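Residue-level structural notes
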Amino acid sequence: MTRRPLFPFSLLVATVISGAFLLLPLIAIFTRIPLSTLVDQLGNQVVLDALIVSVKTTLIAQALILLFGTPTAYLIATRQFRGRSLAITLIELPLVLPPAVAGIGLFAAFGRSGLLGSTLRVFGLELPFTQTAVVLAVAFVASPLYVRQAIASFEAVDQSLVDASRTLGASPARTFARIALPLAVGGLAAGAALAFARGLGEFGATIMFAGSFQGVTQTLPLAIYAEFENRFEVALAIGGLLVVISALLLVALKIRLPWTSSTSTSLFLSARSRSS
Amino acid sequence: MDILNIDITVPLRSFALELALPLGTETVALVGPSGAGKSTVLRAIAGLARPSRGAITHAGETWFSSERGINLAPEDRSVGLVFQEYALFPHMSVRRNIAYGGTNRVDELLERLHLGALADARPGQLSGGERQRVALARALARDPRVLLLDEPLTALDAHTKASVRAELRELLREIQLPTLLVTHDFEDAAVLAQQVGVIVDGSLVQIDTPAALVAAPANPFVASLTGANLVEGNARAHGDLTEVILDEGTTVYSTDSGTGRVGIVIYPWEITVSAGKPDDSSLNHVTGTITSLVTIDNRVRVQVGPLTAETSLGSAERLRLKEGGQVVASFKATATRLLPLLQPPR
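With that settled, consider the overall build of chain A. The helix and strand tally for chain A stands at 12 helices and 0 strands. Counting helices and strands in the order they occur from the N terminus, chain A gives α-α-α-α-α-α-α-α-α-α-α-α. Burial statistics for chain A: of 276 residues in total, 37% are counted as buried. In chain A, the proportion of contacts linking residues at least 24 apart, taken out of those at least 6 apart, comes to 78%.

It is worth spelling out the overall build of chain B at this point. In terms of helices and strands, chain B carries 9 helices and 21 strands. The C-alpha atoms of chain B give a radius of gyration of 22 Å, which matches the 20 Å a tight globule of 346 residues would have. In terms of its C-alpha atoms, chain B occupies a principal-axis envelope of roughly 65 × 50 × 35 Å. Taken across its 346 residues, chain B has 45% of its residues classed as buried. Of all intrachain contacts in chain B linking residues separated by at least 6 positions in sequence, the fraction that spans at least 24 positions is 66%.

A few words on the packing of helix H3 (residues 45-78) of chain A against helix H11 (residues 220-227) of chain A. Residue and element names in this part refer to chain A. Between H3 and H11, whose axes approach to 8 Å, the crossing angle comes to 150°. Considered as vectors, H3 and H11 are oriented roughly antiparallel to each other. On H11, the residues that touch Val-46, Val-47, Ala-50, Leu-51 and Ser-54 of H3 are Leu-220, Ala-223 and Glu-227. The residue inventory of the contact of H3 with H11, partitioned by class, reads 6 nonpolar, 1 polar and 1 charged.

Further remarks concern the packing of helix H4 (residues 128-141) of chain B against helix H5 (residues 158-175) of chain B. All names here are of chain B. Contact geometry for H4 and H5: axes closest at 10 Å, N-to-C directions at 15°. With respect to each other, H4 and H5 are oriented roughly parallel. For H4 against H5, the interelement crossing comes out right-handed. On H5, the residues that touch Gly-128, Gly-129, Gln-132, Leu-136 and Leu-140 of H4 are Thr-160, Val-164, Leu-171 and Ile-175.

Before going further, it helps to spend a moment on the confidence of the model for chain B. Residues and elements named next belong to chain B. Per-residue confidence for chain B gives a mean pLDDT of 87, with 95% of residues at or over 70. When the elements of chain B are averaged for pLDDT, helix H8 (residues 220-226) gives the smallest value, 72, and helix H2 (residues 94-99) the largest, 96. Predicted complex, confidence summary: ipTM 0.76, pTM 0.77.

Here the focus is the sheet that holds strand S18 (residues 299-304) of chain B. Residues and elements named next belong to chain B. Overall, antiparallel pairing links the 5 strands, which are arranged S16-S20-S17-S18-S19 in an open sheet. At either end of the open sheet lies a strand with only one pairing partner, and these are strand S16 (272-274) and strand S19 (307-312). Taking each pair of neighbouring strands and ignoring which way they run, the sheet shows an average axis angle of 45°.

Thresholds applied
- Residues numbered from 1 in each chain as written.
- Chains lettered and ligands numbered in written order.
- Predicted model: local features only at pLDDT ≥ 70, side-chain atom pairs only at ≥ 80, totals over all residues.
- Helix = DSSP H or I, 4+ residues; strand = E, 2+ residues; numbered from the N terminus.
- Buried ≥ 20, exposed ≤ 12 C-beta atoms within 10 Å, placed from the backbone.
- Contact = placed C-beta atoms within 7 Å.
- Rg over C-alpha atoms; globule rule 2.2 N^0.38 Å.
- Axes fitted to C-alpha atoms, helices over the stretch in contact; angles between N-to-C directions.
- Parallel < 35°, antiparallel > 145°, perpendicular 65-115°, else oblique.
- Nonpolar A, V, L, I, M, F, W, Y, C, P; charged D, E, K, R; others polar.
- Left-handed = near helix turned anticlockwise from the far one by under 90°.
- pLDDT = per-residue confidence, 0-100.
- Pairing = 2+ DSSP bridges.

In structure tokens:
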């Protein structure tokens with residue numbers, strides 16, 4: 001009588017089931033209808049409008065995230081102050097918030113009768129259901145991914161290099177530009193890629209705060225939802241497009257990292273608090 | 001003369017370090033156990049750590065004054081600091097590292113520190129000794145008024161340390177800058193510096209020439225720290241051994257190899273003192289007058305010519321040692337360590 005080794009066998013079975021479960025929906029997107037039909041649907045006006053809205057809003061949001069997130073992360077990474085870990089926790093909070101909460105929060109802050117609503121109206125600004133609202137929603141949900149990764153990357157820069165730069169006559173600003181930024185750039189790029197991917201897929205907060213108007217606020221994920229009941233093949237085509245874009249981003253991230261000096265891509269890399 | 005005047009109190013984890021020291025155009029080493037706050041002194045001078053009290057002035061310019069509320073930023077002090085692990089910028093070539101602080105002297109410094117062939121290399125490709133030379137060149141490129149060296153030899157392996165130390169000694173003699181270095185190794189301090197200060201429990205207990213510290217330690221800690229005799233001479237091969245003619249004329253032999261200018265290290269307890277040439281296996285005999293006798297516990301430190309010997313209290317009494325008496329200090333060739341030194345500047 002031969003006894004089959006049970007343990008390795010059950011590992012294999014579990015792996016096959018997991019793999020099939022994760023891959024099957026992706027395979028289904030590309031095989032549900034003929035591939036040529038799928039590609040044809042990409043020429044549809046709804047798809048083109050959504051692609052333009054998505055690319056435009058995500059890029060603007062990304063620029064804002066880099067512009068404000070980088071100095072924020074540098075300050076938090078390089079200063080010791082009271083409430084530092086509280087600040088980091090607050091920055092990370094949007095990561096774990098349900099998107100619907102983000103949507104209602106943005107509404108309560110920037111809506112017509114929101115906290116800043118009357119102030120904005122003075123300047124003739126009405127944000128809800130505009131493209132600006134899409135940008136705000138994307139920036140709100142995606143920025144924590146960038147900032148926490150940026151904090152970890154700046155913290156990983158050897159303090160003695162920063163000190164050396166100062167003793168060699170460089171101001172804090174020059175030290176940031178020539179030492180801290182170049183040494184952290186790998187980690188910053190990884191954080192930016194993660195934020196970009198998250199922003200591109202943003203759905204819940206956007207649909208609540210910006211609505212889903214074709215050519216204005218309807219991003220690719222919103223278009224999938226809109227076409228889902230009427231033209232399933234259009235929804236499938238957009239889904240396929242997003243799968244390809246996400247896969248490219250992920251590959252770019254993996255290729256980029258090995259030759260940069262900085263930290264991991266781990267989504268949940270904790271911002272280490274420095275001990276003296 | 002441009003003098004750096006330091007009079008500061010630096011708060012450390014469990015105590016405060018107090019230091020008052022003028023620094024002229026010479027190399028001063030601060031020696032003390034690890035964790036004595038020696039590096040913090042350098043960081044305070046460079047502006048990277050804030051003293052709790054005191055003043056740092058250089059040639060009439062105040063860099064720090066607790067009384068007047070002055071604390072210049074590091075970039076506004078003319079200081080070249082060489083970090084313990086060298087802190088070279090890993091994303092820049094050797095040339096760009098050196099040019100970071102100042103671009104005028106880059107080629108000259110590459111040449112002078114024998115880095116020409118490595119100008120385009122990244123720090124990650126360099127050996128420990130090469131990294132140290134880059135760190136020195138980078139610090140000097142800024143034309144600093146003061147050079148600070150933090151444990152300059154600690155990051156090196158024992159194999160390369162001796163030659164790097166000799167090169168560093170040569171360089172420090174050449175550049176004629178006020179230099180403050182900290183180290184936990186008295187031997188390194190004795191080779192590199194003209195004046196050595198010993199820091200114990202947060203204060204400077206003694207500062208003097210290396211020879212004077214060995215000969216007349218102010219307290220037992222200094223005595224145990226300094227340990228060895230260090231005399232200089234010229235070496236050449238002599239059969240299996242190395243023959244060294246000491247500067248005061250005596251010839252001694254060592255089993256270590258070496259040629260040219262060398263430092264000779266002999267531990268006091270390896271030296272026996274007797275009235276005449278002893279009839280034993282010792283090859284080296286230095287005849288001289290006893291210039292000092294210091295009793296430490298049950299031992300007696302005897303200064304004979306350039307050497308300090310230690311004997312037990314009993315034998316000192318038996319030999320009736322007294323200051324001014326003529327004795328012979330004997331030690332074995334195997335107990336005679338040689339440290340390579342480069343030619344002194346002419």
